[in-house]
Amino acid sequence: MHKALLLYFSGTGITRHFTSLIQEEMENRGYICDCLNIEELIDLTVLWQKKPVALNYTINAERKRPLSNYPWPYQDLKTALQNAEENKLFSHLEQEWAEYDLIGFGSPVYGFRPAPVMIRFILDLPVFKKTLRVFSYATHDGAQGDFEKFMEQVLRMKGFKYAGHIDQTFVYSASAVMRGNFDNLKAGRLLVKKSQQARRKINIFLDYVQTLFSGMPYWYHGESLINLFFGLPYRLIYSYGIDLLLNHFLFGFGIHKEKCIQCMTCVAQCPQGLIELDKYDYPIRLYHCMYCLRCLNWCPTDALYFSRVTNGKARFPGPEVLIEAAMQDDLSYRLKNE
Ligand SMILES: Cc1cc2nc3c(=O)[nH]c(=O)nc-3n(C[C@H](O)[C@H](O)[C@H](O)COP(=O)(O)O)c2cc1C
Ligand code: SF4
Ligand code: SF4
């Protein structure tokens, strides 16, 4: 019996959902499969702030449209890779993870790469001396760009044996915060359909992994070629979009103080610890972040927005709510027709 560990980060909950699908399919095959949100393993805020790696969209936003006079000392990817070294807090992991036959690292795609907090997490790991088989997985909106290549590079750098990658698009959770309304039922139906598609992909990948364990030859092509072809238009939209559109119209931090009940949910939810309190104890963010959208989505009174584009717009309720909406609809349909 194989033992697997799935380590993930998730902003709006989609990667968490994908993780649970992988776990279910692994368990169906007799694996023992543990799941761990990396935020349960370590205080991400402290980890990331010590060496705050950022992707280009954040660095550009900070350079072009800073939110304060004190620019945050972000580390770009190249510098972060050059200065990667073991964080002593992770020294015990080599021994702890030795019990696993397979470890998956999952993240949403942000600007063609893994979320900066996941990058920080991997770069801070020790270099594993004992061979451990790992894979990467991602959720995205159609353009994962260099995500897989980057994951392969950093995971190999840490001494792991890289087995491959799975990815899936589910629902457009990120653009929800720019829409006038968000149809839970429609999105729920899409999520259910995409989850079935994801299960098929997971099983193709697990067939391949099985051959690695047994030493049988097998050709696993992933989806690199398809992504290259169909990903191109998205790639163009995202590369220009993120810098031009998002930088100018999305990125920022605004608050309707009259709506804020000072519950501190946003402060606690921020994986980068970038939301502070002003002198009246209202949340404020003085720097650009990775824009995971958690603060916006989880504010109970919709008091927060990034820019006017997100002001007064819909919020993403999370995959569980969408699935519930689709299931309720299915149930009432069946009751009506019985
Ligand atoms: C700041 C930001 C950048 C993103 N960049 C990309 C991207 O480059 N390519 C893409 O296909 N999707 C991109 N997305 C969409 C997310 O990858 C997608 O919504 C993902 O499923 C979210 O997963 P989560 O719910 O686990 O955070 C981006 C989303 C955000 C918030
Ligand atoms: S400020 Fe909000 S969007 Fe930015 S990283 Fe923190 S929780 Fe995510
Ligand atoms: S989550 Fe919303 S209501 Fe709570 S402190 Fe933050 S802005 Fe205010």
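Since the structure is predicted, the reported quantities are computational estimates derived from the model, not experimental observations. (Residues numbered from 1 in each chain as written. Chains lettered and ligands numbered in written order. Predicted model: local features only at pLDDT ≥ 70, side-chain atom pairs only at ≥ 80, totals over all residues. Heavy atoms only, no water.)

Asks: Help me understand the overall build of the chain in this model?
Replies: Counting secondary structure elements, the chain contains 13 helices and 10 strands. Radius of gyration (C-alpha) of the chain: 20 Å, near the 20 Å computed for a compact globule of 338 residues. C-alpha atoms of the chain, sized along the principal axes, occupy 65 × 60 × 40 Å. For the chain, restricting intrachain contacts to residue pairs at least 6 apart in sequence, the fraction spanning at least 24 positions comes to 79%. Element-wise, carbon and sulfur atoms account for 55% of the exposed surface of the chain, whose accessible area totals about 16,600 Å². Side chains of the chain give 38 positive and 35 negative charges; the mean places of these two sets differ by 6 Å. (Helix = DSSP H or I, 4+ residues; strand = E, 2+ residues; numbered from the N terminus. Rg over C-alpha atoms; globule rule 2.2 N^0.38 Å. Contact = heavy atoms within 4.5 Å. Areas by Shrake-Rupley, 256 points an atom, 1.4 Å probe, with all protein chains shown as cover. Lys, Arg positive; Asp, Glu negative; His and termini not counted. Charge placed at Lys NZ, Arg CZ, Asp CG, Glu CD.)

Asks: Can you help me understand helix α9 (residues 184-214) in this one?
Replies: Each α-helix winds once per 3.6 residues, and so residues spaced three or four apart point in a common direction. For α9, which comprises 31 residues, the first-to-last C-alpha distance of 44 Å matches the rise-based estimate of 45 Å (1.5 Å per residue) to within 8%. Capping the start of α9 is the job of one residue whose side-chain oxygen sits 3.1 Å from the backbone nitrogen of L185: D183. Of the residues flanking the end of α9, it is G215, one or two places downstream, whose phi is positive at about 80°. (Expected span 1.5 Å × (residues − 1). Polar contact = N/O pair within 3.5 Å; in protein donor to acceptor, adjacent residues only side chain to side chain.)

Asks: What should I look at first to understand the site of ligand 3 in this one?
Replies: The local shell around ligand 3 holds 13 residues, among which C260, C263, M264, C266 and C299 are the closest. Class assignment for the residues of the shell around ligand 3 results in 10 nonpolar, three polar and no charged. (Near = heavy atom within 4 Å. Nonpolar A, V, L, I, M, F, W, Y, C, P; charged D, E, K, R; others polar.)

Asks: Sorry, what's going on with helix α8 (residues 147-157) here?
Replies: Residues F147, F150, M151, V154 and L155 constitute the buried set of α8. End-on view of α8: buried residues confined to an arc of 120°, all on one side of the axis. Those residues of α8 that are buried are in contact with α5 (77-82), β3 (102-110), β4 (113-114), α7 (116-123), β5 (133-140) and β6 (161-169). The positive-phi residue at the C-terminal boundary of α8 is G159, with phi of around 85°. (Buried < 20%, exposed > 50% of the residue type's maximum accessible area, 1.4 Å probe, protein only. Arc of directions from axis to C-beta.)

Asks: Looking at this model, I keep getting lost on the environment of T169. Mind explaining?
Replies: As for its position among the elements, T169 is in strand β6. When residues no more than four places from it in sequence are discounted, the contact partners of T169 are H140, D141, G142 and K194. Polar side-chain contacts of T169 include one of 3.3 Å to the side chain of K194.

Asks: What's the story with the state of the cysteines in this structure? I'm lost.
Replies: Any covalent bond linking the sulfur atoms of two cysteines counts as a disulfide. For the structure on display, the rule yields zero disulfides. The cysteine C35 is free of any disulfide, with C33 supplying the nearest cysteine sulfur at 4.9 Å. (Disulfide = S-S within 2.5 Å.)

Asks: Would you mind going over the nonpolar core with me for this structure?
Replies: Nonpolar side chains in soluble globular proteins generally cluster together in the buried interior. Grouped together as the largest cluster of nonpolar side chains are 68 residues, with contacts concentrated most on L7, W97, I103, F105, F121, L125 and F160. No other element matches the six residues that α7 contributes to this core. Residue assignment places this core across two domains, with domain 1 (3-242) and domain 2 (252-319) each supplying three or more. If we ignore the near neighbours within four places in the chain, the residues touching L7 are L36, I38, L41, W97, I103, G104, F105, G106, M118, F121 and Y137. The next biggest cluster of nonpolar side chains, apart from the first, holds 29 residues, and it includes I14, M26, F170 and F316. (Core = buried A, V, L, I, M, F, W, Y, C linked by side-chain atoms within 4.5 Å. Domains from an automatic or database assignment.)

Asks: Where do I start with the packing of helix α1 (residues 14-28) against α9 in this structure?
Replies: A packed helix pair is summarised by two numbers, namely the angle formed by the two axes and the spacing between the axes. Following both chains from N to C, one finds α1 and α9 inclined at 50°, their axes separated by 10 Å at the closest point. Between α1 and α9, the angle is such that the two are oblique. Considering only the axes of α1 and α9, their crossing is right-handed. Judged by residue contacts, H17, F18, L21, I22, E24, E25 and M26 of α1 engage L191, S195, A198, R199, I202, N203 and L206 from α9. Looking at the contact of α1 with α9, its residues break down into eight nonpolar, three polar and three charged. (Axes fitted to C-alpha atoms, helices over the stretch in contact; angles between N-to-C directions. Parallel < 35°, antiparallel > 145°, perpendicular 65-115°, else oblique. Left-handed = near helix turned anticlockwise from the far one by under 90°.)

Asks: Explanation requested: the pairing of strand β2 (residues 32-37) in the structure shown.
Replies: Note on strand geometry: in a regular strand, side chains alternate between the two faces of the sheet. By the bridge criterion, six bridges tie strand β1 (residues 3-8) to β2 in an arrangement that is parallel. Counted as the bridge partner of L6 is C35 from β2. (Pairing = 2+ DSSP bridges.)

Asks: Just to check I follow, could you spell out the packing of aromatic side chains for this structure?
Replies: Note on aromatic pairs: each is described by the distance of the centres and the angle between the planes. Evaluated as defined, the whole model comprises 18 aromatic pairs. Geometrically, the ring pair formed by F18 and Y137 is edge-to-face, given 5.8 Å between the ring centres and 75° between the ring planes. Of this pair, F18 sits in helix α1 while Y137 sits in strand β5, and the two are 119 residues apart along the sequence. Aromatic side chains F90 and F121 sit 5.3 Å apart centroid to centroid with 75° between the ring planes, which places their arrangement in the edge-to-face category. With F90 in the loop between α5 and α6 (93-96) and F121 in helix α7, this residue pair connects regions lying 31 residues apart in the sequence. (Phe/Tyr/Trp six-rings, centres within 6.5 Å; stacked < 30°, edge-to-face > 60°.)

Asks: Looking at this model, I keep getting lost on the side chain of Q144. Mind explaining?
Replies: By secondary structure assignment, the location of Q144 is in the loop between β5 and α8. Assessed through its relative accessible area of 4%, Q144 is described here as buried. Engagement of the side chain of Q144 in a polar contact is seen with the side chain of D167, the distance being 3.0 Å.

Asks: What is the right way to read the packing of α7 against α8 from this model?
Replies: At their nearest, the axes of α7 and α8 sit 9 Å apart, and the two run at 25° to each other. Classed by the angle they form, the pair α7 and α8 counts as roughly parallel. Note on element contacts: α8 touches α7 through F150, M151, V154, L155 and M157, opposite M118, I119, I122 and L123.

Keep in mind these values describe shape, not function.
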